[in-house]
Amino acid sequence: MANRIVAFLIDHMIICFALAFLGFAQMLIKTDLLWLWRMYYIIFLAFLFAYFFKDVVNGQSVGKRIMKIKVVDMDGNKPSIFNLIIRNITIFIWPVEAILVLLNKQRLGDILAKTKVVDK
């Protein structure tokens, strides 16, 4: 379970750092308020995209690769991209996810997508 938490934190830091860098860079390029709002909208969409698709390559995000874990379906096979997206959408209700992982060792996203996290 600790591997999952560390993997999540690594992924979260990478995604937030990359998007913060983009946000600061775009502010240096142009200061027109309407343009800035459009860029923030694009950065927000990039944030969602990064979270929803973070496990698409072999069921592993960067954090999962570092921690040597991966997402598989209940049969141990590579899950579909749709299942991985369903799995990751629920991360935005992280308090519920954290409680379920502590009690059940499986997130709501894993339950809905019929996936599990295993050692690589």
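Described below are features of the structure shown in this document. (Residues numbered from 1 in each chain as written. Predicted model: local features only at pLDDT ≥ 70, side-chain atom pairs only at ≥ 80, totals over all residues. Heavy atoms only, no water.)

## Comments concerning the overall build of the protein
Stage number 1. Scanning the protein from N- to C-terminus turns up six helices and two strands.
Stage number 2. Seen in sequence order, the protein has helices and strands lined up from the N terminus as α-α-α-β-α-α-α-β.
Stage number 3. Evaluated residue by residue, the protein yields a buried proportion of 35% over its 120 residues.
Stage number 4. For the protein, contacts bridging at least 24 residues in sequence account for 60% of all contacts bridging at least 6.
Stage number 5. For the protein, the computed accessible surface area is about 7,700 Å², with 74% contributed by carbon and sulfur atoms.
Stage number 6. Here the protein contributes 15 positively and 8 negatively charged side chains, and the mean placements of these two sets differ by 3 Å. (Helix = DSSP H or I, 4+ residues; strand = E, 2+ residues; numbered from the N terminus. Buried < 20%, exposed > 50% of the residue type's maximum accessible area, 1.4 Å probe, protein only. Contact = heavy atoms within 4.5 Å. Areas by Shrake-Rupley, 256 points an atom, 1.4 Å probe, with all protein chains shown as cover. Lys, Arg positive; Asp, Glu negative; His and termini not counted. Charge placed at Lys NZ, Arg CZ, Asp CG, Glu CD.)

## A few points about the layout of surface pockets
Take a probe with the size of a water molecule and roll it over the atoms, and the empty space left behind shows itself.
Stage number 1. Computed from the structure, the largest pocket encloses a volume of approximately 480 Å³.
Stage number 2. Surrounding the largest pocket, 21 residues form its lining, Phe 8, Ile 91, Trp 94, Glu 97 and Arg 107 being those nearest its centre.
Stage number 3. Where the lining of the largest pocket is concerned, the elements lending two or more residues are α1 (2–29), α2 (33–52) and α5 (94–104).
Stage number 4. By residue number, the principal contributor to the lining of the largest pocket is α1, which donates six residues.
Stage number 5. Its residues placed into classes, the lining of the largest pocket shows 14 nonpolar, one polar and six charged. (1 Å grid on protein atoms, 1.4 Å probe; cavity = no way out; pocket = protein on both sides within 12 Å on 5 of 7 lines; lining within 4 Å. Points joined across faces, edges and corners; volume = space filled by probe spheres on them. Nonpolar A, V, L, I, M, F, W, Y, C, P; charged D, E, K, R; others polar.)

## Thoughts on the packing of α1 against α2
Stage number 1. As a packed pair, α1 and α2 sit with axes 10 Å apart at the nearest point and diverge in direction by 165°. Taken together, the axes of α1 and α2 lie roughly antiparallel to each other. The crossing of α1 and α2 is right-handed. Where α1 abuts α2, its residues Phe 8, His 12, Ile 15, Cys 16, Leu 19, Leu 22, Gly 23, Gln 26 and Met 27 lie against Trp 35, Leu 36, Met 39, Tyr 40, Ile 43, Ala 46, Phe 47, Ala 50 and Tyr 51.
Stage number 2. For the contact of α1 with α2, the residue count by class is 15 nonpolar, three polar and no charged. (Axes fitted to C-alpha atoms, helices over the stretch in contact; angles between N-to-C directions. Parallel < 35°, antiparallel > 145°, perpendicular 65-115°, else oblique. Left-handed = near helix turned anticlockwise from the far one by under 90°.)

## Some words on the pattern of salt bridges
Stage number 1. According to the stated counting rule, one finds six salt bridges in the structure shown.
Stage number 2. Here Asp 110 ties to Arg 4 by a salt bridge, and the two come within 2.8 Å at their closest N and O atoms. Taken together, the residues span a long stretch of sequence, with Asp 110 in helix α6 (residues 108–113) and Arg 4 in helix α1 at a distance of 106 residues. The same class applies to Asp 110 as to Arg 4, namely buried. (Salt bridge = Lys/Arg side-chain N within 4 Å of Asp/Glu carboxyl O.)

## Considering the side chain of Ser 61
Stage number 1. Within the secondary structure layout, Ser 61 lies in the loop between α2 and α3 (62–67).
Stage number 2. For Ser 61, a relative accessible area of 3% translates into the label buried.
Stage number 3. For Ser 61, the residues in contact, after removing those within four places along its chain, are Asp 11, Lys 54 and Asp 55.

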